[in-house]
Amino acid sequence: MAHDTRELGLTGEQQAVKARYPPIQRKYEYLDHTADVQLHAWGDTLEEAFEQCAMAMFGYMTDTETVEPLDTVEVETEGHDMLSLLFHFLDEWLYKFSAEEFFIPREVKVLHIDRVGFRIRSVGWGEEFSLLKHPQGTEVKAITYSAMQICDGEKPELFVIIDI
């Protein structure tokens, strides 16, 4: 799913918001998967890979460059291992969007990952999602454990299938 201005049909207002802020550095891509989509995110650190994975999920829902960083939301969660931590991290961010505050971030920053206690603390800058302001992408229904991978090497990579 390519996200360029022509395909999304951005309004003048949406284009103006994009023009006010620097472009978002994307370190993720979308891989085809039967009936779902696989997020592939990477970073220079595991924290950055987690951030990019969250932004890949939100980038599937809208053009995140049309989001203004007007509010902040914190997400703290835990798991019993690194895979469950990644699952709960994405699931909590999805909850902030779909059930609680309709919050869509322009940026997510992971402040700390506890790799022993499997806890994560993050903050997002964004605003309330509005169809009048943000182009509609595809709804993300759920995060799955199916084929989830964390490759924590020199350049950490994450693979997550989301249910759309």
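For the structure itself, look to the data block above.
Residues numbered from 1 in each chain as written. Predicted model: local features only at pLDDT ≥ 70, side-chain atom pairs only at ≥ 80, totals over all residues. Heavy atoms only, no water.

**Focus: the pattern of salt bridges**
Under the counting rule described, the total for this entry stands at 18 salt bridges. Across the salt bridge formed by Glu74 and Arg121, the nearest N and O atoms sit 3.5 Å from each other. In this pair, Glu74 sits in strand β3 (residues 71-78) while Arg121 sits in strand β5 (residues 119-128), placing the two residues 47 residues apart along the sequence. Residue class for Glu74 comes out partly exposed when judged on its relative accessible area of 43%. Each of Lys18, Arg26, Asp63 and Glu65 takes part in one network of salt bridges that share partners. (Salt bridge = Lys/Arg side-chain N within 4 Å of Asp/Glu carboxyl O. Helix = DSSP H or I, 4+ residues; strand = E, 2+ residues; numbered from the N terminus. Buried < 20%, exposed > 50% of the residue type's maximum accessible area, 1.4 Å probe, protein only.)

**Some details on the environment of Met61**
Its place among the elements puts Met61 in helix α3 (residues 46-61). Given a relative accessible area of 4%, Met61 falls into the buried group. The spacing of Met61 and Asp81 is 20 residues in sequence and 28 Å in space, taken between C-alpha atoms. Those residues in contact with Met61 that sit more than four places away from it in its chain are Leu94, Phe97, Pro135, Gln136, Gly137, Thr138 and Val140. (Contact = heavy atoms within 4.5 Å.)

**Observations concerning the packing of aromatic side chains**
Counted under the stated rule, the structure contains eight aromatic pairs. Arranged with centres 5.5 Å apart and planes meeting at 55°, the rings of Phe50 and Phe89 form a pair that is tilted. In this pair, Phe50 sits in helix α3 while Phe89 sits in helix α4 (residues 82-100), placing the two residues 39 residues apart along the sequence. Classification of Phe50 by relative accessible area gives buried; the value is 0%. Of the aromatic side chains, those joined through ring pairs into one cluster are Phe58, Trp93, Phe97, Phe103 and Phe129. (Phe/Tyr/Trp six-rings, centres within 6.5 Å; stacked < 30°, edge-to-face > 60°.)

**Considering unusual backbone geometry**
Positive phi outside glycine occurs at Phe118, with the angle close to 55°. Structurally, Phe118 is set in the loop between β4 (103-114) and β5. One non-glycine residue with positive phi stands out, namely Ala147, at about 60°. With respect to the helices and strands, Ala147 occurs in the loop between β6 (142-143) and β7 (149-151).

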